[in-house]
Amino acid sequence: MGDDSEWMKLPIDQKCEHKIWKARLNGYEEALKLFQRIEDEKSPEWGKYLGLVKKFVTDSNAVAQLKGLEAALAYIENAHVAGKTTGEVVSGVVGKVFNQPKARAKELGSDICLMYIEIEKAEVVQDELIKGLDNKNPKIVVACIETLRKALCEFGSKIITLKPVVKVLPKLFESREKAVRDEAKLLAVEIYRWIRDALRAPLQNINSVQLKDLEEEWVKLPTTAPKQTRFLRSQQDLKAKFEQQQAAGGDEADGDNDEETEAVQVDPYELLEAVEILSKLPKDFYEKIEAKKWQERKEALEAVEALTKNPKLENGDYGDLVRALKKVIGKDANVMLVAMAAKCLAGLAAGLRKKFGTYAGLVVPTILEKFKEKKPQVVQALQEAIDAVFLTTTLQNISEDVLGVMDNKNPSIKQQASLFLARSFCHCTPSTLPKSVLKPFCAAFLKQVNDSAPEVRDAAFEALGTAMKVVGEKAVNPYLTDVDKLKLDKIKECADKVQLVGKKGGGGGGGGEKKEKPAAKAPPPVEAPAKSSGPSKKAPPAKAAGPPKKGKPASAPSAKSKKAPDTKEVVETELSLEVCEERAAAVLPASCMQLLDSGNWKERLASMEEFQRAVEQMDKSEMPCQALVRMLAKKPGWKETNFQVMQMKLHIVGLIAQKGLFSKTSALVVLDGLVDKVGDVKCGSNAKEALTAIGEACSLPWTAEQVVSMAFAQKNPKNQAETLNWLANAMKEFGFAGINVKAFINNVKTALGATNPAVRTSAIALLGVMYLYMGAPLRMFFEDEKPALLSQIDAEFEKMQGQSPPAPIRGTTKKAGAEEEGDAAEEEEVDGGAGDIMDLLPRTDISDKITYDMVSKISDKNWKVRKEGLDEVAAIISEAKFIQASIGELPMALKGRLNDSNKLLVQQTLNILQQIATAMGPFLKQHVKNLGIPVITVLGDSKANVRAAAMTTLNAWVEQTGMKEWLEGEDLSEELKKENPFLRQELLGWLAEKLPTLRTVPADLMLCVPHLYACLEDRSGDVRKKAQDALPTFMMHLSYEKMVKATGKLKPASKDQVVGMLEKARAVMPAKPAAPAKAAASKPASSAPAAKPASAPARNQSPSEDFSEPEPKPDTKKAKPAGPAAKKGVVGKKPPVKAGAKDEEDRSGPIFILVPNGKEQRIKEERALKILKWNFMTPRDEYVEQLKTQMSTCLAKWLQDELFHFDFQRHVKAIGAMIEHMEPEYDAVIGCLDLVLKWFTLRFFDTNTSVLMKALEFLKLLFTMLSRKNYQLSDYEASSFIPYLILKVGESKDVVRKDVRAILTMLCKVYAASKVFPFLMDGTKSKNSKQRSECLEELGCLIENFGMNVCQPTPAKALKEIAIHIGDRDTTVRNAALNTVVAAYNTCGDQVFKLIGNLSEKEMSMLEERIKRSAKKTPVASTKQERPQREQPTNPNATFLRKPAQEEVPNKLNQARAQNAHLEQSAPSIPKEFQLDLDVFENNHTCASDIPDLVQHKLDEVLEPVMIPERKMRSVSPHFDDIHNSTASTINFVISQVASGDINTSIQALAQIDEVLRQADKAEAMSGHIDQFLIATFMQLRLIYNTHMADDRLDKKDIFKLYSCIIGNMLSLFSMESLAREASMGVLKDLMHGLITLMLDSRVEDIEDGQQLIRSVNLLVVRVLEKSDQTNILSALLVLLQDSLISTAGSPMFSELVMKCLWRMIRFLPQTINSINLDRILLDVHNFMKVFPKEKLKQLKSDVPHRTLKTLLHTLCRLTGAKILDHMSMIENRNESELEAHLRRVVKHSANLSGLKSDKSTEKGALRSDDKVIKAKVSDILSEIFKKIGSKENTKEGLTELYEYKQKYSDADLEPFLRNTSQFFQSYVERGLRMIESEREGKGRIQTSTVIPQHSTDSFPPSSSTVPNGEDLNAAAYYERLKILRQRRGLENSTPEEDRPPLSSLRPSVASSTDMLHSKLSQLKESREHFQQEQSHSHSPTRSSSPASNLDDLKKRLERIKSNRQ
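What counts, and at which threshold
Residues numbered from 1 in each chain as written. Predicted model: local features only at pLDDT ≥ 70, side-chain atom pairs only at ≥ 80, totals over all residues. Heavy atoms only, no water. Helix = DSSP H or I, 4+ residues; strand = E, 2+ residues; numbered from the N terminus. Buried < 20%, exposed > 50% of the residue type's maximum accessible area, 1.4 Å probe, protein only. Contact = heavy atoms within 4.5 Å. Areas by Shrake-Rupley, 256 points an atom, 1.4 Å probe, with all protein chains shown as cover. Salt bridge = Lys/Arg side-chain N within 4 Å of Asp/Glu carboxyl O. Phe/Tyr/Trp six-rings, centres within 6.5 Å; stacked < 30°, edge-to-face > 60°. Lys NZ or Arg CZ within 6 Å of the ring centre and 35° of its normal. Axes fitted to C-alpha atoms, helices over the stretch in contact; angles between N-to-C directions. Parallel < 35°, antiparallel > 145°, perpendicular 65-115°, else oblique. Nonpolar A, V, L, I, M, F, W, Y, C, P; charged D, E, K, R; others polar. Patch = residues over 30% accessible without salt bridge, like charges linked within 9 Å, V, L, I, M, F, W, Y side chains within 5 Å. Lys, Arg positive; Asp, Glu negative; His and termini not counted. Charge placed at Lys NZ, Arg CZ, Asp CG, Glu CD. Left-handed = near helix turned anticlockwise from the far one by under 90°. pLDDT = per-residue confidence, 0-100. Expected span 1.5 Å × (residues − 1). Bend = angle between axes of the 7 residues up to and from the residue.

Section: the overall build of the protein chain
Of the regular secondary structure elements, the protein chain holds 108 helices and zero strands. Across the 2006 residues of the protein chain, 54% fall into the buried class. In the protein chain, the share of contacts with a sequence separation of at least 24, taken over all contacts with a separation of at least 6, comes to 75%. Total accessible area on the protein chain stands at roughly 89300 Å², and carbon and sulfur atoms take up 52% of it.

Here's what the structure looks like:
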């Protein structure tokens, strides 16, 4: 007892390990109680016993062991961690329990095994039990078999994997122990219950007696399917369902049988062991098979036949064997051997299954050709072979080959091909037999049903019947429209006889009852063929197949309604005229019928009106469409001469098409007439509407084909042009689905060659629309066009670049109905559409050119011969451009070269494969297995360049084929299985990149998982890293649960490690890309670019940026939704927005964290080589990992997660956040600048354009900020960033290159140009020609700007290297190199020839020629100029791209200049006298001199401003009239000086204007110049902000002085209300933008008295708000607010200040309401609400914009009441406007308040109502007056009448009449009125000069009566001279009426300042020129009126000046 007392005190776990058995027994008992007591399965108590459970079951004492087994069972049942003990415990049970004599011990052991299976450890348990079957102790073997049998019986074949069990069964039947054999028999019977006949094949070889016994037992088994009775922990829902069914009894349980049966279908093939036969082939097989004696060939074939009888074959390279058999089939004369070879092929295909798919394309054409043999045994063997081959591949892969023989001359081949297809269709389902595959086959069958040979016809009937059975009658009917009834019945009869494979019952051998059930129930994917087999499934496939008709040429009315009878419309027969008349008379009034062909047009019109009413009231089902349209076509029909009748007629056609069941037969009646009228001026729009309606009824593809062919059958160019315009618009409205481009591409080519320019323009516009849908392949059709035409097409395509096609708005109703019934069909249609586009390209069959000799060459022993062969192949493919899928034996030959010992040949082969990918397009799919997979093998090559080439090839293939083919089958897993570290890391990296982009993947991907786990433990770190990266992407498709389950077979140590990694991967698992969300997202993106120009002119982005940025995911702040498509998009985006808002809560606070000395520490570590130096060709994982680690301390956690996320969209978000925080967190940004720049270098290696564009946007803002803060990059930062930035300068996209060049320009401000130079020199060594040319261009710029000292290491070395490129193959590189050397020549003269070293004669002559040309084209640089301008003839925009402040220049100026650039190019012979050089305003390019620049003449180039002596400039007195009698010219000239880049010039000009403004009597001289002055002023403000403030060399006091002058002038100007009100809306908008930007400029505070300056600006803003035209300023603020909210780059403070201004305006609305044009304000609010609907406004970070808009509208409603609704006349589609709905609500709610208001202000109300009453009369009177003003003769009379009218009605609103006229006309009218006023008041100050010279250029030349007598002749001379100059300039001298913009454009121009820029500035330039010419000739008594003589004079004077200087 003493001993007992010792162990009694021990804790339970120690007792269980005690050496005394009683202690252990007691421990087990207590443990059992404890285990049953613990409720929490995750309690830490369980962990104590983890290591003891094995000892529980292996106790040496039998009594203790029994209790231990019970405790172990309780532990396993209740503990969460029990699964970890599975392997050791079950092993213990097998070894130490199953051999026990006690039955109770065995029973408990078995229960433990089953419990482990229940807790999801079936694989481990099964493995241990199967290991136990090899034990020598028969008791253990019997117990293991019994346990396996129990497990199978209870859990079913889903949980217990039968393959390993079946594998050991034959061995168990051979046991000497009877008990083992008996138990094996019971196990075999149990297995048979689950898999039925699948077990027969593996047991064929056991003892016949045993087999007989088994057969007897099997027969006794019930036919009902077995059911799982015990469930896993994860199957508790199934368990509950099972228990319910058990309780409910029979019926429900039976119903579930089907599902179970389907689920456990086991393929006998899977249970077999694969046999390796290649090594067993006779050694002389290949010699014998070629032998001349047929007996020897027969011997060889017999040997192969014996081997191929093995039901399952090991995978291997069967290429040689297949080729040998193919040769026998194709060429052997002995038919017996042909049959044998066919049997061998069938055996190979059956044994290899999917692995044989590689060779399918090789043998199918040969077998099909051999069907010409008549002998039945040969035909039968060939049939078996081709059927077996079909099961290894897909119908798509062999469709080309089969279609190729369908029109063969031999009827046997045609017959057998059709029969083969019929048999193949039996294996298909609607999804595996899509329309894209079925359509060409049906077309071939339809030819065969009319064949002369009856056997061919019968075979075609059978094939069509089978297809009908598979996909449903509705899907096949569209192809059978031309088949007569007898044949149709025959096809249906065949369809009824067909027995599909799925109807036979998956496992076979079951009773009849079982056969029906798989079809009656929708089965799971395992049994795919059964899907469409049953009668109950007929309807859904038919419905699903309906919608695609819409997009195909087949008729589509059936898609409109879901009812079956609609299909009758498809085959509507043509009715006779009598029948039509009879039917029409039944539904139309008699009078209508009688008057249809009346001779009186009025009667015909009345008849048409009755006709229309009748059609509108008709019911859809009753409308006889064909009869009605035939009545319309009846005489006079489409020859109708009265346009009103014709318009009505065309409108009725559209109505009938919309309302009735309109067939193609009806359409053909009217189409010809419609096309004839489509170009008619009056009827064209009605004709187009009717065509669109027919397109909706009969499908656009069919209608388009008919219409285009009809249009080009006639010769009317107007009709042709308008037809193409209609088609372009229709494509946008309907989408591109099903469009048969081939049908009208020839007509488009005809149009392109048309003599009429309108037809050509329309054709190019149509191609632009098609390009949106088809992309680059479209260009291939036009490669043989003339270069000039091709360049126009390319320009159109360039415009469309980056745009996504608009969402279809027509034909969508058809889809909507079908969506509910079959999404699969719609998806299939989409896929088909993509393939169709590539299908259109003309493809060459090159199989004939792939000769036997060529293939032999490729396989030759001599590498040079092999190379020759490859060269020949490459040449053939290059020549063909686009090839068909059949390429003969080339695949096998090329496959051999992929493992060539000569790596150059491997690379050449890879290049050929890339060629093939491009040339073959989507048809490449069938070669994936035989050519694509071997490319993956090359990824294992030891050489990096070979691997890179292989990866490029692989991606090129995937681009064409998609990923599905690559992931199917075992090929990929076999590759991953190879223990090659290079192969594994490349392949896993590739999969990690591709898998996240897929929506679904084949189930075969699961086969890769075990190898993926092996890679996680690979010896190579790179492989492990790539495997970890790939884990989340595998998991997103396979699910975490499946991945964890797959770890069951790993060793315990490995398993724990892998499960841990899976947990981590689960956290970063990317979401699957969802198609519907993408579609919704693309809609606002696609509508955004179109909508932007109307409302957002001041976006700081170029158009191309706008298009590319929303590409992947439209930013709700930027995209402007328009119409229904956008609404859908917004709805689709709501959940992400909410999620984002939720995230924002956690993302408050700074995102950049300042780490003191962090950067210095990193620099030290890199120098000490403790970390990797940032230097690579492509970023490896270790670099990314290192950067991630370094950034973790510097960035917020959430931002880092976003920056290193798999999803590129997260990167875009992260960059957006960084942009927002960049300015506020400047110090922290500088602290981690090196890391930020490094992260952006990684983005340069991404392929996603949207990320790249966002990255460049950030970098531009970053470098602008660094420049502003005077930060200088360190060498460490520069060297890790600049080389990678330079890589992107060679990008193919222009928009990217432009941004990179802009960044490089900015870079020179923060990093020494001499240090940037070497990086650019390195860039010139690139293989990318674009990169070389751009780097050379940039080098030229550096030399121009910074002189020769910038050249590193020395000018001589640098120029020698640059000069090497003069001999480059690429033209652009040569030009760039020449330009750079010329830049050096301009800097250092002839010395450059010494520096560049020796050049070849040719290169030297090119250089000399270029220098000569540049001498003519580039003016000599002024020494005082900071940056000379350089013209480059090859690219007129080149210098534009190189401007230093390019990105800071407003977008409007860029657009203006782009337009001018085009103008200059088109008229090179015209000098630039008549426009200002915009560079003056963008950059500081002016001279230091106070005199104006000399104009550049084409005759000779002069840059020095020497035209006028300096003193004359200084003689300008404050009194303008002293200088010149033309006040306007003088003012224009001084205003032009305001925008000067020279501060002193600008200050002087401002002082002069200020003096005028301060004198009340002189101030009026500024009238009419206000907009010009304000434009010049805000341009100067921008110049200061962007250039002067950033220039350290300038004294800040001078800048302050300039600011003071500007603000002083403005305050003076805006003190005078009459002048202030002249400022237009666009100019005010830009002025407010400039002033608010100035207020927010932090740099101003650093200037002395900066605060005082900001207070002055504040005062000025208030003054502008008060004194400006209230409509204009309110409108300007609304547009400015809209722009600031759209732009992400702007400061949030900007929007706040704009809103403060708006609130101030709202406060004063009661006083100003009467002076405001409410129509215009409401239009602006409407435009604002279109860009920012209510939901979008609420989603903004701040709610102030929403409140501001709401308050504005409420105030307006309060002040005007319900009348506000009358002021929406300018809004188009006002019913769709959100604004109208909002106003109605407000008016309704505030009815009482507005009532009170109206009582108080009765007087005002009365006035307004009176105005409204006489509004119509006023409109007529004013229209007449303005007509007079516009005419040349009556302008004075008109002005006088207008003045008198205004005197009479002082509050008359002229705005509606003036708003559509030019700004000059408005100024002209205002000044004319003032002149009349001054005349009548006797002031006598008639400023005629203000009126004449200025306005005659643009708008209305006034009559001579406005000019004083003395100057009459002078004005006429001016006008004549102007005419001549306009002609020389290439401008039209049009009449005033033509110049005036059309009155139909009701919307006021938002970007008025942009629109006016050219006209204003060119006017400034012209007036300045006038002034200069007058000054230069003032000493001469006479003036030369000839501009030519002036120029000659000028030329001579300048020559003298130049010679004097020298």
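Here we look at the pattern of salt bridges
Throughout the structure, instances matching the rule amount to 71 salt bridges. Residues lysine 131 and glutamate 128 are paired through a salt bridge, measuring 3.5 Å at the closest nitrogen-oxygen approach. Of the two residues, lysine 131 and glutamate 128 both sit in helix α8 (residues 122-132), three residues apart, roughly one turn of that helix. Look at glutamate 128 and you get buried, because its relative accessible area is 13%.

Let's talk about the packing of aromatic side chains
Tallying each qualifying case throughout the model produces 30 aromatic pairs. Pairing tryptophan 46 with tyrosine 75 gives two aromatic rings, centres 5.4 Å apart and planes at 75°, and the pair type is edge-to-face. In this pair, tryptophan 46 sits in the loop between α3 (21-37) and α4 (53-57) while tyrosine 75 sits in helix α5 (residues 62-78), placing the two residues 29 residues apart along the sequence. Summarising the burial analysis for this pair, tryptophan 46 and tyrosine 75 share the class buried. Linked through ring pairs, Tyr28, Phe35, Trp46, Tyr49, Phe56 and Tyr75 together constitute an aromatic cluster. When the ring centre of tryptophan 1239 is taken as origin, the NZ or CZ atom of arginine 1243, which lies over that ring, is 4.6 Å away. Above the face of the tyrosine 1226 ring, lysine 1269 is positioned so that its terminal group lies 5.0 Å from the ring centre.

Things to note about the packing of helix α90 (residues 1650-1667) against helix α91 (residues 1670-1686)
Any two packed helices are characterised by how steeply their axes cross, that is the angle between the axes, and by the distance between the axes. Remark: α90 packs on α91, axes separated minimally by 7 Å, with the N-to-C direction vectors making an angle of 125°. Accordingly, the angle class assigned to the pair α90 and α91 is oblique. Between α90 and α91, the contacting residues are Val1664, Leu1665 and Glu1666 on the first element and Gln1670, Ile1673 and Leu1677 on the second. A per-class count over the contact of α90 with α91 returns four nonpolar, one polar and one charged.

Brief notes about a positive patch on the surface
Taken together, the side chains of Lys1734, Lys1738, Lys1750 and Arg1785 define a basic patch exposed on the protein surface. Considering the arrangement of structural elements, one finds lysine 1734 in helix α95 (residues 1734-1739). Residue lysine 1734 is classed as partly exposed on the basis of its relative accessible area of 34%.

Quick notes on the packing of α90 against helix α92 (residues 1692-1707)
Interhelical geometry of α90 versus α92 gives an angle of 40° and a closest axis separation of 11 Å. Relative to α92, the element α90 is oriented oblique. Handedness of the α90/α92 crossing: right-handed. Residues Val1661, Val1662, Leu1665 and Glu1666 of α90 lie in contact with α92, whose contacting residues are Cys1701, Arg1704 and Met1705. The class makeup of the residues in the contact of α90 with α92 is five nonpolar, no polar and two charged.

Notes on the confidence of the model for the protein chain
Scored by pLDDT, the protein chain has a mean of 75; 76% of the residues are at 70 or more. Here residues 503-570 is a poorly scored stretch, pLDDT under 50, and it has 126 contacts once near neighbours within four places are set aside; other chains count. When the criterion is pLDDT under 50, residues 1076-1145 qualifies, and its contacts beyond four places in sequence or with other chains add up to 112 contacts.

Notes on the side chain of arginine 630
Among the secondary structure elements, arginine 630 is positioned in helix α34 (residues 625-633). Discounting residues that sit within four places of it in the chain, arginine 630 has contacts with Glu574, Leu575, Cys580 and Val669.

Details of helix α20 (residues 357-370)
For α20, spanning 14 residues, the distance from its first C-alpha to its last is 20 Å, which sits close to the expected 20 Å at 1.5 Å a residue. Within α20, the axis deviates most sharply at valine 363, by approximately 40°, and proline proline 365 lies no more than four positions further along. All of the buried residues in α20 are Gly357, Thr358, Tyr359, Ala360, Leu362, Val363, Val364, Thr366, Ile367, Leu368 and Lys370.

A word on unusual backbone geometry
Glycine aside, residues mostly have negative phi angles, and peptide bonds mostly take the trans form. Note that the residue after glutamine 1352, namely proline 1353, is joined by a cis bond; omega there is -5°. Along the chain, the position of proline 1353 falls in the loop between α72 (1329-1346) and α73 (1355-1364). Located in the positive-phi region is serine 1039, a residue other than glycine, with phi close to 80°. A positive phi angle, close to 60°, is found at asparagine 1157, a residue other than glycine. Among the secondary structure elements, asparagine 1157 is positioned in the loop between α60 (1123-1146) and α61 (1158-1167).

Looking at the environment of leucine 348
By the secondary structure assignment, leucine 348 is in helix α19 (residues 335-352). Classification of leucine 348 as buried rests on a relative accessible area of 0%. With 35 residues separating them along the chain, leucine 348 and leucine 313 place their C-alpha atoms 7.6 Å apart. When sequence neighbours within four positions are dropped, the list of residues in contact with leucine 348 reads Ile277, Thr308, Leu313, Tyr318, Leu321, Val322, Leu325, Arg353 and Phe356.

Re helix α74 (residues 1371-1388)
The end-to-end C-alpha distance of α74, which contains 18 residues, comes to 26 Å, matching closely the 26 Å that a straight helix rising 1.5 Å per residue would cover. Every buried residue belonging to α74 is among Val1373, Asn1375, Ala1376, Ala1377, Leu1378, Asn1379, Thr1380, Val1381, Val1382, Ala1383, Ala1384 and Cys1388, and all of these are buried. Positioned one or two residues after α74, glycine 1389 has a phi angle of 70°, which is positive.

Things to note about the environment of glutamine 801
Structurally, glutamine 801 can be placed in the loop between α42 (787-800) and α43 (812-819). For the pair glutamine 801 and glycine 775, spaced 26 residues apart in the sequence, the C-alpha separation amounts to 8.8 Å.

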